[in-house]
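In case you want the letters, here they are:
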Amino acid sequence: MSENQDRAVTIAPHAIALTIAGSDPSGGAGLQADLKAFQQNGVYGMSVVTLITVQNTLGVDRVEVLSADLVNEQFDAVMTDIPPRAIKTGALGNASLIAEIAACLAGTPCPVVVDPVMISKHGVTLIDDAAIQAYREILIPQATLLTPNRFEAERLLDREIGTDLDDLLRAAEELRDLGPAMVLLKAGEFEGEQMHAFIDSAEILTISVARHETTQTHGAGCSLSATITSQLALAPPDQEMESTMRAAVEFGIAAVNHAIHFAPQYGRGSGPIESRMLHIGD
Ligand code: PLP
């Protein structure tokens, strides 16, 4: 075997993932965070750009959504050339783009992780109101995994989620009733820890990790869904999906927790997690 062939085996050439997401020029969130997470997990990354933000760690100054046909052409270009093993979506801008992407994804055989990004960490809206309905009715029913945080879950369910565990688990079930195969609800602080609820067709489980008091969490949501997508891309295609997903989710939560813990201060505002620490252990 030549040296090049040998290397190709080590780097799992078929582990390919695609993100359909917005651009954050400061590199902390959006498609930049996704590509870093793919790379960090040993996965070949591709990106279809949906919108462009002007932002840094101090705030978002502008959001410009690309046209549906431009997004569609990017998608076709990569899908007909380098088919991915797993796909994730991030910020999708508006209802017509969500509908376009749902149509694009309808024929894909690979798992799709939908991260229903709605606002930036600075509170700037990254999608319009009609988009919530499009998510609910068109894209989410196609998702293999839906990964909302508490705010996004409340918008999708059109109700507040209480701070007790029972209501959290009920909300996870209601989200799964929207049609995705599985849901990871990132519930935020619960009894001093960072709480998540994961539900598949058979069971519901809670996963909590240590909470780090820090403002350096920009891109944590993107990096989590991208790390999960990476693990799906790495898994053998014939492996049972629900157990693969559970392992991917548990790995992703631990890896992002680690990357939050080791985030230095990038920039003068709410900085990003350290994507180079997206792994488990030292
Ligand atoms: N995508 C883009 C383009 C963004 O600008 C942001 C946040 O600013 C996000 C996604 C979501 O980031 P997070 O992972 O911090 O929720």
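Preceding this section is the structure that the text describes.
Residues numbered from 1 in each chain as written. Predicted model: local features only at pLDDT ≥ 70, side-chain atom pairs only at ≥ 80, totals over all residues. Heavy atoms only, no water.

Peer 1: Can you help me understand the site of the ligand in this one?
Peer 2: Surrounding the ligand, one finds 16 residues, the nearest of these being Q55, K121, G219, G221 and C222. A distance of 2.5 Å separates an oxygen atom of the ligand from a polar side-chain atom of Q55. C222 places a main-chain nitrogen or oxygen 2.8 Å from an oxygen atom of the ligand. Secondary-structure elements contributing two or more residues to the shell around the ligand are strand 1 (16-23), strand 2 (44-56) and helix 8 (220-234). By residue number, the principal contributor to the shell around the ligand is helix 8, which donates 3 residues. (Near = heavy atom within 4 Å. Polar contact = N/O pair within 3.5 Å; in protein donor to acceptor, adjacent residues only side chain to side chain. Helix = DSSP H or I, 4+ residues; strand = E, 2+ residues; numbered from the N terminus.)

Peer 1: Even after reading the chapter, I still don't get the state of the cysteines, so can you show me in this structure?
Peer 2: Here a disulfide denotes one covalent bond, and it connects the sulfur atoms of two cysteines. Across all of its chains, the model carries 0 disulfides by this definition. No disulfide involves C110; its nearest neighbouring cysteine sulfur is the one of C104, lying 12 Å away. Unpaired in this structure, C222 has its nearest cysteine sulfur neighbour in C110, at a distance of 19 Å. For C222, a relative accessible area of 12% gives the class buried. (Disulfide = S-S within 2.5 Å. Buried < 20%, exposed > 50% of the residue type's maximum accessible area, 1.4 Å probe, protein only.)

Peer 1: Sorry if this is basic, but what is going on with the pattern of salt bridges here?
Peer 2: Note that side chains of opposite charge can pair when their charged atoms are close. Following the criterion strictly, the structure yields 12 salt bridges and no others. K186 is the partner of D115 in a salt bridge, and the nearest nitrogen-oxygen pair spans 3.6 Å. You can see D115 sitting in the loop between strand 5 (112-114) and helix 5 (129-139) and its partner K186 sitting in strand 7 (residues 182-190), a full 71 residues away along the chain. Overall, K186 belongs to the buried group, its relative accessible area being 13%. Where D167 meets R170, a salt bridge forms, and the shortest distance between an N and an O atom there is 2.9 Å. (Salt bridge = Lys/Arg side-chain N within 4 Å of Asp/Glu carboxyl O.)

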